[in-house]
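Descriptive structure summary
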Amino acid sequence: MAVIRSYIAETKKEAFDKVKLDLGCDAVIISTRKIRRKGFANIFKKPAFEVTAVSDSDTPQKRADKPQAAPERDRRIETLEKKITQVSDTVGKIYQNIDWLKLKQITEADPRIQKLYDTLVGNGISPDGADKLTGMVLEAAAEDEDLTEAMTRVIVGVLGEPSPISLNPGKRKVVLFAGPTGVGKTTTLAKIAAGFALKQNIKIAIITEDTYRIGAVEQLRIYADILGLPMHVVYSPEEFLKKIEETSDFDLVLVDTAGKNTDDTEYRKTIRSMVKCPADIEVHLVISAATSAANTVKIIDSYSYLNDYKILFTKLDEAKSPGLIPETKLFASKPLSYVTYGQNAASDISEANPAEIAKTVLGLT
Ligand SMILES: Nc1nc2c(ncn2[C@@H]2O[C@H](COP(=O)(O)OP(=O)(O)OP(=O)(O)O)[C@@H](O)[C@H]2O)c(=O)[nH]1
Ligand SMILES: [Mg+2]
């Protein structure tokens, strides 16, 4: 019975050698072609060669070519032959299961995917992040779809639905800003307070537990005075609870926290006890967009003790690109709230806009 098998190798010669080894010198080559191996890791590799050959299994070359040998050697060769046949059968099965249509798309998409990858990396996404995003595009892109459009769609999807502060009439909302030192927690709180105070007729109060840094209370008091808002300083979780009770008739209570190393166990304890208070507290984790991806992973890790929070990116004006935002969203499932891009207290803040972020990251703006 005739046997038809395919062999894949880096070069044509290697593929021919495999044919000879497995089917013998009598095997007839019926096709050779360049292929790309499946798997995203192989996209940028050189194409491989696939050679398909046919042979009469009743007259294996192996036996004809074989020099007369001792029975022991024959036995070992036979075992080896069996093993090779098994391996080549397995390879054949794998080959049959390859999604050729997908592979064709990948092959055709190569230069465009490479270009997208370069753009992402050039705009602050790590090689790993760019790998993930381009991989997602290959999965998500419809046939003939423009890949930049598909990538925009993928990034918008990764960024998810933004979740800025929303107020329910008659229900007070407490919003707490946490995050590493100097990222802009206090300034952002003032920006948000200003935005709500100017646009809506609502009662706002400010609470700060940042009695740690010199000048922190004064800094916030200046903002509170300008906006005409009451401000309370608390020195312990108990005092915080008391103030939360006292501000129950407010619409929005904004809480500032001290900037400390996020690994600081005391800081963790403080935030945890504040969040545990009976009022429903919405935490916004403030991260500077100029932070490195590696440090952001650490920051997100150090907040894993909180079930729920939103991520707020500051200092986009200081970052080369908003690449850190989709990068972060690849490993942190929390929703985005706001982005800030300057030191002006009343402006330089807006709700996170996924389409805009995606366009900037793709160099389309
Ligand atoms: N360029 C730029 N600077 C900002 C932005 N937001 C805040 N800043 C500046 O960053 C510095 C620190 O801001 P703060 O609001 O004090 O930061 P913080 O997180 O409260 O700091 P700590 O309380 O000390 O942890 C200030 O000089 C702010 O003006 C921003 O979006 N862009
Ligand atoms: Mg502060």
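As a starting point, this report considers the structure included with it.

Criteria and cut-off values
Residues numbered from 1 in each chain as written. Chains lettered and ligands numbered in written order. Predicted model: local features only at pLDDT ≥ 70, side-chain atom pairs only at ≥ 80, totals over all residues. Near = placed C-beta within 6 Å. Helix = DSSP H or I, 4+ residues; strand = E, 2+ residues; numbered from the N terminus. Nonpolar A, V, L, I, M, F, W, Y, C, P; charged D, E, K, R; others polar. Buried ≥ 20, exposed ≤ 12 C-beta atoms within 10 Å, placed from the backbone. Contact = placed C-beta atoms within 7 Å. Pairing = 2+ DSSP bridges. Axes fitted to C-alpha atoms, helices over the stretch in contact; angles between N-to-C directions. Parallel < 35°, antiparallel > 145°, perpendicular 65-115°, else oblique. Left-handed = near helix turned anticlockwise from the far one by under 90°. Core = buried A, V, L, I, M, F, W, Y, C linked by C-beta atoms within 7 Å. Domains from an automatic or database assignment. Expected span 1.5 Å × (residues − 1).

Details of the site of ligand 1
Among the 20 residues in the neighbourhood of ligand 1, the closest are listed as Gly184, Lys185, Thr186, Thr187 and Gly259. Of the residues forming the shell around ligand 1, the biggest block, three residues, is contributed by helix 7 (residues 185–199). Within the shell around ligand 1, the residues separate by chemical class into three nonpolar, 10 polar and seven charged.

A closer look at the environment of Glu10
Here Glu10 lies in the loop between strand 1 (2–9) and helix 1 (12–23). For Glu10, a count of 12 C-beta atoms within 10 Å translates into the label exposed. Residues Glu10 and Ala48, 38 residues apart in the sequence, show an inter-C-alpha distance of 4.7 Å.

Observations concerning unusual backbone geometry
One non-glycine residue with positive phi stands out, namely Lys315, at about 60°. Note on placement: Lys315 falls in the loop between strand 9 (310–314) and helix 12 (324–331). The backbone phi angle of Asp348 is positive, close to 55°, even though this residue is not glycine.

Considerations on the environment of Val28
By secondary structure assignment, the location of Val28 is in strand 2 (residues 28–35). Distance in space between the C-alpha atoms of Val28 and Thr52 is 8.6 Å, their sequence separation being 24 residues. Not counting chain neighbours up to four residues away, the residues in contact with Val28 comprise Ala53 and Val54.

Details of the sheet that holds strand 6 (residues 231–233)
Pairing is mixed in the open sheet, where eight strands are placed in the order 6-5-7-4-8-9-10-11. Lying at the two open borders of the sheet, with one neighbouring strand each, are strand 6 and strand 11 (349–351). The average angle at which neighbouring strand axes cross in this sheet is 20°, direction not considered. Pairing geometry for strand 5 (residues 204–208) and strand 6, over three bridges, is parallel. For Thr208, the partnering residue across the bridge sits in strand 6 and is Val233.

Things to note about the pairing of strand 7 (residues 252–256)
Judged by how many residues are buried, strand 7 sits mostly within the fold: five of five residues are covered. The side-chain alternation of strand 7 yields two buried faces, one formed by Leu252, Leu254 and Asp256 and the other by Val253 and Val255. Bridge count between strand 4 (residues 173–178) and strand 7: five bridges; the pairing is parallel. The residue bridging Val175 from the neighbouring strand is Leu254, located in strand 7. Looking at chain direction, strand 5 and strand 7 are connected through five bridges and run parallel. Residue pairing for strand 7: Ile206 is matched across the bridge by Leu254.

Remarks on the packing of helix 6 (residues 147–159) against helix 13 (residues 354–361)
Two elements in contact, helix 6 and helix 13, have axes separated by 9 Å at closest approach and are oriented at 130°. Judged by the inter-axis angle, helix 6 sits oblique to helix 13. As for how helix 6 packs across helix 13, the hand of that crossing is right-handed. Here Thr152, Ile155, Val156 and Leu159 of helix 6 lie close against helix 13, whose contacting residues are Pro354, Ala355, Ile357, Ala358, Lys359 and Val361.

Some remarks on the nonpolar core
Formed by 67 residues in total, the largest nonpolar core has its most connected members in Ala193 and Leu254. Shared between two domains, this core takes at least three residues from each, and those domains are domain 2 (101–158) and domain 3 (173–361). In terms of nonpolar packing, the next biggest core, distinct from the first, is built from seven residues, Tyr7, Leu23, Ala27 and Ala53 among them.

Points about the sheet that holds strand 1
Taken in spatial order, the three strands of this open sheet run 1-3-2, and their pairing is antiparallel. Only two strands of the sheet have a single neighbouring strand rather than two, namely strand 1 and strand 2. Shown here is a sheet whose adjacent strand axes are inclined to one another by a mean of 15°, direction ignored. Summarising the sheet, strand 1 and strand 3 (residues 48–56) pair through eight bridges and their orientation is antiparallel. The residue of strand 3 that forms the bridge with Ser6 is Thr52.

Describing helix 5 (residues 127–140)
Over its 14 residues, helix 5 runs 20 Å from end to end, which matches the ideal 20 Å to within 8%, given 1.5 Å per residue. Looking at helix 5, one finds that the buried residues are Gly129, Ala130, Lys132, Leu133, Thr134 and Val137.

Topic: helix 6
End to end, helix 6 covers 18 Å across 13 residues, agreeing with the expected 18 Å (1.5 Å per residue, within 8%). Looking at helix 6, one finds that the buried residues are Ala150, Met151, Val154, Ile155, Val158 and Leu159. Two residues or fewer past helix 6, Gly160 is found with a positive phi of approximately 75°.

What to know about the packing of helix 7 against helix 8 (residues 216–227)
It is the contact of helix 7 with helix 8, at a shortest axis distance of 10 Å, that shows an interaxial angle of 10°. When the axis of helix 7 is compared with that of helix 8, the two are roughly parallel. Contacts between helix 7 and helix 8 pair Thr186, Ala190, Ala193, Ala194 and Ala197 from the former with Ala216, Gln219, Leu220, Tyr223 and Leu227 from the latter. Partitioning the contact of helix 7 with helix 8 into residue classes produces eight nonpolar, two polar and no charged.

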